[in-house]
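Summary of structural features
Single-letter residue listing:
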Amino acid sequence: MLSSIIWTPLLFGLIGLLVPRRFAAWVAALGAVITLGLSIGVLAGFDPDGGMQFVTDVSWIPGLGVDYSLGIDGVSIFLVMLTAIAWIPAIGFSALRGTERPALFYLMLLAGETSTLGAFLAQDLLLFVLFFDLMIVPFYFLFGIWGRDRGGESDPEGSPGNGPVTVQSATLKMIVFTLIGSLLMLVGAIAAAVIAADGGELTFSIQTIVARGLPEGSQNWIFWFFAAAFLVKMPAFPLHGWMPDSYRAAPLPALAVFSAVLSKVGAYGFLRVVLPMMPDAADLFQTTMLVLAIASILYGSAMAFTKTDLRLVLGFSSVAQLGFITAGIFAFNESGAEGAVLQMVNHGLVVVPAFLIVAMISERTGSEELGPMGGLAKKAPVFAVIFLIVSMATLAIPASANFIGEFFILNGLFQVDAAWAIVASVGVALAAFYALRMYQLTMHNPLPDGSDSKEISLRDALVVIPMVAIVVVLAFCPQLIIHGSEPAVDSSIQVVKEVAE
Amino acid sequence: MDIEWYLILSALLFTVGFIGVLVRRNPVVILLCLELMLSAGALALLAFSRMLGNQDGQVFVLIVLVVAACEVVVGLGLVVAMYRRRLPLDVDEMKELKG
Amino acid sequence: MTATWAWLVLLLPLLGSMTIGLTFRVLPARTAGLIGVTAIVAAFVCGILALIGLQGEPSESRHVASSLWEYASVGGLSIDLGIYVDPLSIFMVLVVTGVSSLIHIYSYSYMKSDQGYHRFFSYLNFFVFSMLVLVLAGNFIMLIVGWALVGFASYALISYWYRRNTATKAGMKAFVINVIGDIGLYLAAILIFKNIGSVDYGTVFEKAPEVFTTNEWEIVAICLCLLVGAFAKSAQMPFHTWLADAMEGPTPVSSLIHAATMVTAGVYLIARCHSLFELAPTAADVSAWVGLVTLLIAGTIAIAVTDLKRIIAYSTMSQIGYMFVGVSIGAYSAGMFHLMTHAFFKALLFMAAGSFISAMANMQDIDRMKGFRKAMPFTAAMMIIGALALSGFPGTSGWFSKDEIIDFAHFRGGMYDWMWVGMLVGAFMTAVYSFRIIFRILPGPPCEEAEYLEEHGHVIHGEPKNPATGELEDTEVGYPGEEHHIAEQAGGMKFAMAVLGVLALIAGVLQIPGLDDVVTKFLEPTFENSVFSHMHPTTSESWIGLGEGALISLAGIATAWLLYIKRPDLPVRFRERFRWIHTLTVNKWYGDEIIDFLIVNPVKAIGRFCNRAFERFVIDGATTGVAGLTRSAGAAVRDMQSGLLRGYAVLMLFGILAIVIYFLIRSI
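By convention here, each chain's residues receive numbers from 1 onward along its written sequence. Chain letters and ligand numbers both follow the written order, the letters beginning at A and the numbers at 1. Reporting of local features is limited, given that this is a predicted model, to residues whose pLDDT is at least 70; pairs of side-chain atoms are given and counted only at 80 or more, and all residues count toward the totals for whole chains, interfaces and linings.

1. With respect to the overall build of chain C
- Regarding its fold elements, chain C presents 27 helices and 2 strands.
- Over its C-alpha atoms, taken along the principal directions, chain C stretches across nearly 120 × 65 × 60 Å.
- Contact definition: two residues whose C-beta atoms, as placed from backbone geometry, lie within 7 Å. Across chain C, the fraction of contacts at a sequence separation of at least 24, relative to all contacts at a separation of at least 6, is 81%. The helix count covers DSSP runs of H or I at least four residues long, the strand count covers runs of E at least two residues long, and both are numbered beginning at the N terminus.

2. Structural notes on the overall build of chain A
- Within chain A, the regular secondary structure consists of 19 helices and 2 strands.
- Each radius of gyration is computed over the set of C-alpha atoms, and the globule rule expresses the reference value as 2.2 Å times the number of residues to the power 0.38. For 501 residues, the compact-globule estimate of 2.2 N^0.38 gives 23 Å, and the C-alpha radius of gyration of chain A, at 22 Å, lies within 12% of that figure.
- In terms of principal-axis extent, the alpha carbons of chain A reach across some 70 × 60 × 40 Å.
- Three classes are used. A residue is buried when 20 or more other C-beta atoms lie within 10 Å of its own, exposed when 12 or fewer do, and partly exposed in between, with C-beta atoms placed from the backbone. A buried classification covers 66% of the 501 residues belonging to chain A.
- Contacts spanning at least 24 positions in sequence make up 81% of the contacts within chain A whose residues lie at least 6 apart.

3. Notes on the nonpolar core
- Joined through C-beta atoms within 7 Å, a set of buried Ala, Val, Leu, Ile, Met, Phe, Trp, Tyr and Cys residues constitutes a nonpolar core. If you look at the biggest cluster of nonpolar residues, it comprises 454 residues, and the most contacted ones within it are A:A28, C:A347 and C:L348.
- Filtering out sequence-adjacent residues up to four positions away, C:A347 remains in contact with C:V99, C:I103, C:S255, C:L256, C:A259, C:A260 and C:L500.
- Ranked by size, the runner-up nonpolar core spans 5 residues in total, among them B:L38, B:A40, B:A42 and B:A44.

4. Comments concerning the interface of chain C and chain B
- At the junction of the two partners, chain C supplies 11 residues and chain B supplies 10 residues.
- Taken together, the residues of the side of chain C that touches chain B sort by class into 5 nonpolar, 3 polar and 3 charged. The classification used treats Ala, Val, Leu, Ile, Met, Phe, Trp, Tyr, Cys and Pro as nonpolar, Asp, Glu, Lys and Arg as charged, and all other residues, Gly among them, as polar.

5. Examining the arrangement of the chains
- Contact analysis covers 2 pairs of chains in contact, and the most contacts occur between chains A and C.
- The closest approach of any C-alpha atom in chain A to one in chain B is 24 Å; the two make no contact.

6. Describing the pairing of strand β2 (residues 66-72) of chain A
Residues and elements named next belong to chain A.
- Most of β2 sits inside the fold, with 5 of its 7 residues counted as buried.
- Paired strands, in this sense, are two strands between which DSSP finds at least two bridges. Bridging between strand β1 (residues 53-61) and β2 involves 6 bridges; their strand directions are antiparallel. For V58, the partnering residue across the bridge sits in β2 and is Y68.
- Following β1, the chain reverses through 4 residues before pairing antiparallel with β2; G65 in that reversal takes a positive phi of roughly 70 degrees.

7. Observations concerning the interface of chain C and chain A
- Tallying the contact residues gives 47 residues for chain C and 48 residues for chain A.
- Those elements giving two or more residues to the side of chain C that touches chain A turn out to be β1 (64-74), α5 (140-158), α6 (165-196) and α26 (591-637) of chain C.
- Ranked by residue count, the leading element in the side of chain C that touches chain A is α6(C), at 14 residues.
- Grouping the amino acids of the side of chain C that touches chain A by side-chain chemistry returns 27 nonpolar, 8 polar and 12 charged.

8. Comments concerning the environment of B:G75
- If you trace the backbone, B:G75 turns up in helix α3 (residues 56-84).
- For the pair B:G75 and B:I30, spaced 45 residues apart in sequence, the C-alpha to C-alpha distance is 9.7 Å.

9. So, the environment of A:W420
Residues and elements named next belong to chain A.
- Within the secondary structure, W420 is located in helix α17 (residues 418-443).
- On the basis of neighbour count, W420 is assigned to the buried category, with 24 C-beta atoms found within 10 Å.
- Put simply, W420 and V351 are 69 residues apart on the chain and 26 Å apart in space, counted from C-alpha to C-alpha.
- Sequence-distant contacts of W420, defined by excluding residues within four places in its chain, comprise L290, I294 and L413.

10. Some details on helix α15 (residues 332-359) of chain C
Residue and element names in this part refer to chain C.
- Taking 1.5 Å per residue as the helical rise, α15 with its 28 residues ought to reach 40 Å, and the 40 Å between its terminal C-alpha atoms agrees with that figure.
- Most of α15 sits out of view: 28 of its 28 residues are buried.
- Residue A361 follows α15 closely and has a positive phi angle near 55 degrees. An expected span of 1.5 Å times one less than the residue number is assigned to each helix.

11. A short note on the environment of A:Q286
All names here are of chain A.
- Inspection of the secondary structure assignment puts Q286 in helix α12 (residues 286-304).
- A C-alpha to C-alpha distance of 9.4 Å links Q286 and A500, two positions 214 residues apart in sequence.
- Residue contacts for Q286: discarding those within four places in its chain leaves F330 and F332.

12. Some thoughts on the confidence of the model for chain C
- Confidence scores per residue from the predictor, reported as pLDDT, run from 0 to 100. The share of residues in chain C with pLDDT of 70 or more is 97%, and the mean pLDDT across the chain is 85.
- Confidence metrics for the complex model read pTM 0.87 and ipTM 0.90.

13. Some remarks on the packing of helix α1 (residues 2-22) of chain C against helix α2 (residues 29-55) of chain C
Residue and element names in this part refer to chain C.
- Contact geometry of α1 with α2 gives a least axis separation of 8 Å together with a crossing angle of 175 degrees. The pairing of α1 with α2 is recorded here as roughly antiparallel in orientation.
- Per-class residue counts for the contact of α1 with α2 are 18 nonpolar, 6 polar and no charged. Orientation is described by lines fitted to C-alpha atoms, with helices fitted over the stretch in contact, and by angles between N-to-C directions that extend from 0 to 180 degrees. In this scheme, roughly parallel covers angles under 35 degrees and roughly antiparallel covers those over 145, while 65 to 115 is roughly perpendicular and the rest are oblique.

14. Here's the deal with unusual backbone geometry
- Omega for the bond connecting A:M234 with A:P235 falls within 30 degrees of zero, at -15 degrees, which places this linkage in the cis form.
- Looking at the element boundaries, A:P235 is found in the loop between α8 (216-233) and α9 (243-249).
- The omega torsion across A:F237 and A:P238 is 0 degrees, close enough to zero to call that bond cis.
- Tracing the sequence through the fold places A:P238 in the loop between α8 and α9.
- The phi dihedral of A:F332 falls on the positive side, at around 60 degrees, and the residue is not glycine.
- Considering the arrangement of structural elements, one finds A:F332 in the loop between α13 (310-329) and α14 (334-365).
- In this structure A:F332 comes out as buried when scored by C-beta crowding, with 23 C-beta atoms within 10 Å.
- Its identity is not glycine, yet C:N215 carries a phi of approximately 65 degrees, on the positive side.
- Residue placement: C:N215 occurs in the loop between α7 (201-211) and α8 (217-234).

15. Digging into helix α2 (residues 27-52) of chain B
All names here are of chain B.
- The terminal C-alpha atoms of α2 lie 38 Å apart, and with 26 residues this matches the ideal 38 Å at 1.5 Å per residue to within 8%.
- The inward-facing, buried residues of α2 contact α1 (3-23) and α3.
- Looking one or two residues past α2, G53 carries a phi angle of roughly 75 degrees, positive in sign.

Structure representation (structure tokens):
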């Protein structure tokens, strides 16, 4: 069952190569919808208290103790759902307006979906590392082939923003950063398996390694090898150096899923691999990680309200949001971790429409710079309201599910130390500022010449409104996610919680 | 006869070959000198084989001869190609691979 | 049954808002307005039915908690989507829906020529829904939800004419300050959960006295965090700067949100959490002093500024200051009573002001208005009623409600006597600035606009200009369209104002000392566990207080008459003489500048520093630095690739020699 979820997208991507070019997009969309259908099937048969379910375990490389081992629990199921949902608007958006070299484009997008789903479902450490590394490959091509060079970012006050970016340099930066992280993680994974085996039978099964336990001394360095990979992927301050350039060069539909889902794999990795496997190290470095997380929140927010490029505003707001998520995970209590899981899903759901809206805005104004924009709401009330909902969810206004996520995280942080929660809550205020600034500078104020205030078209509404609808429904009942994920979240922080106490 | 003599001869041959590689600039001569060095090695192998009384050394020599033949084929092929393109037959002139 | 009615109260405005919002393309504007009005009036009726249901209960069980479903719960923190109905929340529901109904009726006419009619009513309904969530919330999380949603609705309506840069800026300011207040509530809720283990009103208020000892630092911290939220929402110092700017919104919005309902949420919060505040008298005193300072400072500003709506806005701040003092020193029912009467007369004042502003073709400067007495007699009468009630003229509603608070401060004595003095000074200022408006606008020779109105029977058509900056405006987005509307010519506006006028005059009869105390009795079940519930001044003391209030009010009105009618040269001379006082007050005590200097500018500077320096040189520098390091390392060794075949051979020789020598040495 889980295998079919993973491989369906890739299969349809390959079919897309065979059919006539004009059908490639629809084959891809069909693949994404079938994947969603399968995921819903799994969700329907899912038992929140059942631990790891739908397990597939086939010996793959017996000599090294590597298994093709998949399973799903309360944490991964919602991230799988997020992935399955997020890809549909990205594909739909491109399908409805067409792209160059469609067959290859959709193959890459769907290959990205396959590897992301694989990373969420893998229960074998080496398989996880493999999927984690594979994720970046299709996006390297997506950004490299369909991305475009960008001029320097303008700054109304005449000081330098980001300079011009070429696609080559941006993708190179991204791949080098992530590969360094991934290779460190590979080393860490092998070391963890070997050390845990301690001369016995070598296995990469996450559960077995967790059960065997790692000696404290080795945990300390293996922890950082994993943390490096995850923090780069998120990206967290100060390892986000690759993010601005790649975000500016990337094609928006691909960027939407990249920002929405791939960043969550890092956070998921902390919850799934790092905390259970290296509880002593996690406890030892709790303060360091919290400092990094809070720094991400504050730095990301400060950059988000200063930047004028819409993609960078969203990019840095993601840095801040991922900071909240990391902080929640490293609070080592139910409230923080549950808030983090909820926030992962919420943030993913909000970011996809946000980036697609950026694409629509740039069609109307011919620019992605906030400086000369404004007034787009004039003839486009529906468009404006959709963006307003997305902005409000981004700033986690109470009544959105994002608020519950953030509130749980703050509550969790408060239990560690009130100071963390108070400093982190500054990020909440800054979020209000940057999200509203983004909304106002695009939609409100007088409409400048050269901008065209046009109502959202039917094809765009078709892909964006369902996402917004999901955000709204979740706002009424975040308990849906909390209920399903709580036991799994509890069990993944159980070990570290005991250590911390 | 003592093995030393064979080895001294082999060493002398090798030295002559190596000096030839270092000082001559004509690729054909350099190839000749390389052959000389290989033969020196082969001679040493034969001597040891004789001394130890097993055939391994001889097998190695056969392999060395094969490799030497291949190398000459490739080397001479390059020389002929250079000649055809009217390039100077001088290894010091050919340094397009300079970093 | 009560709970069902209360849920209906919540549901109707939400439905109204959604219906108008979703069908704006097909629905005629009038119908949209009617739907909006109907939804709120129906909610008011449901509120009354809930009240009847509640009154049917015996007084000790006069509270109902009801929840729809589990909203979110984790690790012992369980949050229901729940409401809590008791006399206090019903009181607020009735004030909110009642005043909202009238303001909806007013807006139905007032916004007639606005292009964004649907949007306006959708937002306005949504605001009422949010406000009802706030007052009906059954736990602190729902309270935060309502709290933030009214902040959002307020933002949306302040920035309603979004083509104006000034309006969008004001919206941003209001929203961000309100979010800071929200964060105060987040922290308060977290602290409450940490100490009590629940966020439900019932459990929290019941357990608080067992968990906390009086003035324990944690309960003080909780109350101070709650106060941050209350101050931000109710525009008390130092979070007050947004309210004056919020006047950028349409006048009905100022009337409903920024005078009658939303800004009084802070008062409601303190009254709701009175059992916490009584455990933390320090925090309650902080709140009372802040209220006092705000009411005095806002009073001085209201005397100095000349923008009609801003004068009323500062007067709102000042009146909320009274309510804060009231509910903080234990005069709960007096505070809530003043909240209600204030809603009546302040909404009325804004409605009248809106009418005048329309007649002036959107000019808001009272220096330019003159002689409207004849041109707009009805509006003038309403304005006078509002001003009388505001200044506490004997017999009006404001007289009874304000002086009840002032009395109570005197009754508690000690430190509170200082507050008593301060509030009396404030009352004097209130009377002065209320009648400053009246004496500037109504008497005297009519100004150009008033004359035009008298002669032609309709209002003058001005250029569509932003009153704040004088810029010409795009008329495609919202008001002002071609026509303006004034009360004299619009039945809806007239009706709404007339009802409020009557209420502003007579609502005082609810609380006549010695005769009746309807509000106190009604609210008693909520406040019965309070230590102050049986402390109140005697009837004679109350009447002495009312007498003082009457004297001060009359003195204030007389002073205003002296300054603005009899000797108009006096204010000018005063201004000349004490220029610095005028500069200070007319610049609002530099509140904006101080906040900009202390908070906004540093935060922006940090952002710029991150962008221009840190990101550029440290983050990007590190990235490009590593790349550069690799490149230069390559450059350093590339010379070894000479391309000289014989050179390589020599290197090989030395390499082999080195290896051989190494092994020779090892073997020795």
